[in-house]
Amino acid sequence: MLRIAALILLLCPVVLLPDDRYDQQRERMVRQQIINRGIEHRPTIEAMRAVRRHIFVPEAQKRNAYHDGPLPIGYGQTISQPYIVAFMTEIVQPEPHHRVLEIGAGSGYQAAVLAEIVDEVYTIEIIPELGETAAARLRGLGYNNAEVKIADGYYGWEEHAPFDAIVVTAAAEHIPPPLVDQLKDGGKMVIPVGSPFFVQQLMLVEKKGEDITTRNLMPVRFVPFRRAED
Ligand code: SAH
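From a predicted model like this one, the values you see are computed outputs, not experimental measurements.

(A) Highlighting the overall build of the protein. Summing up its helical and strand segments, the protein has seven helices and nine strands in all. Taking 230 residues into account, the globule formula puts the C-alpha radius of gyration at 17 Å, and the protein, at 19 Å, falls close to it. Taken together, the 24 basic and 30 acidic charged side chains of the protein have centroids lying 9 Å from each other.

Below, the structure written as structure tokens:
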């Protein structure tokens, strides 16, 4: 009996369904790129594990979805490297009761990672086609706590302010004052600052009463923060 079972097993080729393959790749990504590089915030790690990154990239990029780098998402924009997404999530210390604003929805991936952790995510995208696709994708995946608006994120989202955290995913030449205004007392903003097409500094901005402190975290390269009139 046992021998027959063994024979059947031998004759059956091991077929991994595509989704299983992605699950394995994602688990490897979390271990090698996220945990091994020092991300410690448990909810961030779990969110990176939960969000299926391959759903957020164009068909032709699916096989690269879990690679250690940024990927093109069309319209000259990119989805950030997984480590950067995790780093930016961890640094704002999101908590379940938080309300978070993201500038630069892009594919919706960073918004999904945040939406796994916090109650409310608001994300703004300046390119209508990207914003609409991201909104439909987030809705389709059941993220009812993430809302997308198509606008110039420079002005933030007054209606839902103040925010516990703001995550800016395009490189600005200066920190937009409306975003500082819309940060809650005790809130944190992470933003790449510097000239477009050069190396920028990822900065942490913290608001404590009237006090605004900034700290350089690491050199990064992001797509430029565009303005509505560009
Ligand atoms: N966070 C995204 C990746 C963002 S790439 C993701 O997870 O996929 C940066 C995005 O910022 C691009 O889609 C770009 O169109 C958008 N962007 C640039 N300037 C903007 C602005 N002023 N307001 C809103 N979105 C902006």
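(B) Highlighting helix α2 (residues 18-35). Counted at 1.5 Å a residue, the expected span for α2 with its 18 residues is 26 Å, and the 25 Å between its end C-alpha atoms agrees. Every buried residue of α2 is listed here: Tyr-22, Arg-26, Met-29, Val-30, Gln-33 and Ile-34. On its buried face, α2 is in contact with α3 (42-50), α4 (82-91) and α5 (109-117).

(C) A look at the site of the ligand. As a structural note, the neighbourhood of the ligand is formed by 26 residues, with Glu-102, Ser-107, Glu-125, Gly-153 and Arg-226 the closest of them. Between the ligand and the protein, one listed contact pairs an oxygen atom with a backbone N or O atom of Gln-110 at 3.0 Å. Protein coverage of the free-state accessible area of the ligand, which is 580 Å², stands at 99%. Of all the elements in the fold, those that place two or more residues in the shell around the ligand are β2 (77-79), β3 (99-103), α5 and β4 (120-125). Per element, the largest residue contribution to the shell around the ligand is three residues, and it comes from β2. For the shell around the ligand, the class distribution of residues is 13 nonpolar, nine polar and four charged.

(D) Representation of the nonpolar core in the model. Formed by 48 residues in total, the largest nonpolar core has its most connected members in Met-48, Tyr-109 and Leu-202. Not counting residues within four places of it along the chain, the set of residues in contact with Tyr-109 comprises Met-29, Met-48, Val-51, Arg-53, Phe-56, Ile-79 and Val-85.

(E) Seen up close, the packing of aromatic side chains. If you walk through the whole model with that rule in mind, you get seven aromatic pairs. The interplanar angle of 70° and the centroid separation of 5.3 Å between the aromatic rings of Tyr-154 and Tyr-155 together place this pair among those described as edge-to-face. An aromatic cluster of three or more residues is present, and its members are Tyr-122, Trp-157 and Phe-163. Residue placement shows Arg-37 over the ring face of Tyr-83; its charged tip is 5.7 Å from the ring centre. Above the plane of the ring of Tyr-109 lies Arg-53, whose end atom (NZ or CZ) is 5.0 Å from the centre.

(F) Representation of the packing of α3 against α5 in the model. For the pair α3 and α5, the least separation of the axes is 9 Å and the interaxial angle reads 125°. One way to sum up the angle between α3 and α5 is to call them oblique. The two elements α3 and α5 meet at a crossing, and its hand is right-handed. Packed against α3, whose contacting residues are Pro-43, Thr-44, Ala-47, Met-48 and Ala-50, the element α5 presents Tyr-109, Val-113, Glu-116 and Ile-117 at the interface. By residue class, the composition of the contact of α3 with α5 is seven nonpolar, one polar and one charged.

(G) Geometry of α5. Of all nine residues in α5, eight are buried, a share of seventy percent or more. What α5 keeps buried is the set Tyr-109, Gln-110, Ala-111, Ala-112, Val-113, Leu-114, Ala-115 and Ile-117.

(H) Expanded view of unusual backbone geometry. Following Ala-161, the chain continues into Pro-162 via a peptide bond in cis, with omega recorded as 5°. Positionally, Pro-162 belongs in the loop between β5 (146-150) and β6 (163-168). Phi at Tyr-75 takes a positive value of approximately 55°, unusual for a residue other than glycine. Among the structural elements, Tyr-75 can be located in the loop between β1 (71-74) and β2. The phi torsion at Gln-93 lies on the positive side, around 45°, for a residue other than glycine. Within the element layout of this structure, Gln-93 appears in the loop between α4 and β3. On the accessibility criterion, Gln-93 (37% relative accessible area) is partly exposed.

Rules of the game
Residue positions are counted from 1 within each chain, in the order its sequence is given. This being a predicted model, a pLDDT of at least 70 is required before a residue's local features are given, and a value of 80 or more before pairs of side-chain atoms are given or counted; all residues contribute to the totals for chains, interfaces and linings. Each side-chain value is worked out from all heavy atoms of the structure, with water and hydrogens disregarded. We count a stretch as a helix when DSSP gives it H or I for four or more residues in a row; a strand needs E for two or more, and each element gets its number in order from the N terminus. Radius of gyration means the value over C-alpha atoms here, while the globule rule gives 2.2 Å times the residue count to the 0.38 power. Counted as positive: Lys and Arg. Counted as negative: Asp and Glu. His and the chain ends are not counted at all. To locate a charge, the coordinates of NZ of Lys, CZ of Arg, CG of Asp or CD of Glu are taken. Here a helix's expected span is defined as the number of its residues, less one, multiplied by 1.5 Å. The cut-offs for exposure are 20% and 50% of the maximum accessible area for each residue type, with area from a 1.4 Å probe on protein chains only; residues under the lower value are buried, those over the upper are exposed, and the others partly exposed. By definition in these notes, contact holds between two residues if any of their heavy atoms fall within 4.5 Å. Proximity is defined per residue: if any heavy atom of the residue lies within 4 Å of a molecule or strand, that residue is considered near it. Distance and chemistry together define a polar contact, namely a pair of N or O atoms within 3.5 Å, with one atom able to donate a hydrogen and the other to accept it when in protein, and with adjacent residues in sequence counting only for side-chain atoms on both sides. Each accessible area is a Shrake-Rupley estimate made with a 1.4 Å probe; only the visible protein chains count as cover when residues are assessed. Classification convention: Asp, Glu, Lys, Arg as charged; Ala, Val, Leu, Ile, Met, Phe, Trp, Tyr, Cys, Pro as nonpolar; all other residues, Gly among them, as polar. Only buried residues count toward a nonpolar core. Its members are Ala, Val, Leu, Ile, Met, Phe, Trp, Tyr and Cys residues joined through side-chain atoms within 4.5 Å. Only rings of Phe, Tyr and Trp enter the pairing, Trp through its six-membered ring, and a pair is recorded when the two centres are within 6.5 Å. The plane angle decides the type: under 30 degrees is stacked, over 60 is edge-to-face, the rest tilted. Cation placement over rings: the criterion is NZ of Lys or CZ of Arg within 6 Å of the ring centroid and within 35° of the ring normal. Helix axes are fitted to C-alpha atoms over the stretch in contact, other axes to C-alpha atoms as well, and angles between N-to-C directions run from 0 to 180 degrees. With respect to orientation, any angle under 35 degrees is reported as roughly parallel, any angle over 145 as roughly antiparallel, any angle of 65 to 115 as roughly perpendicular, and every other angle as oblique. Throughout, a crossing is termed right-handed when the near helix is turned clockwise from the far one, and left-handed when it is turned anticlockwise from it by less than a right angle.

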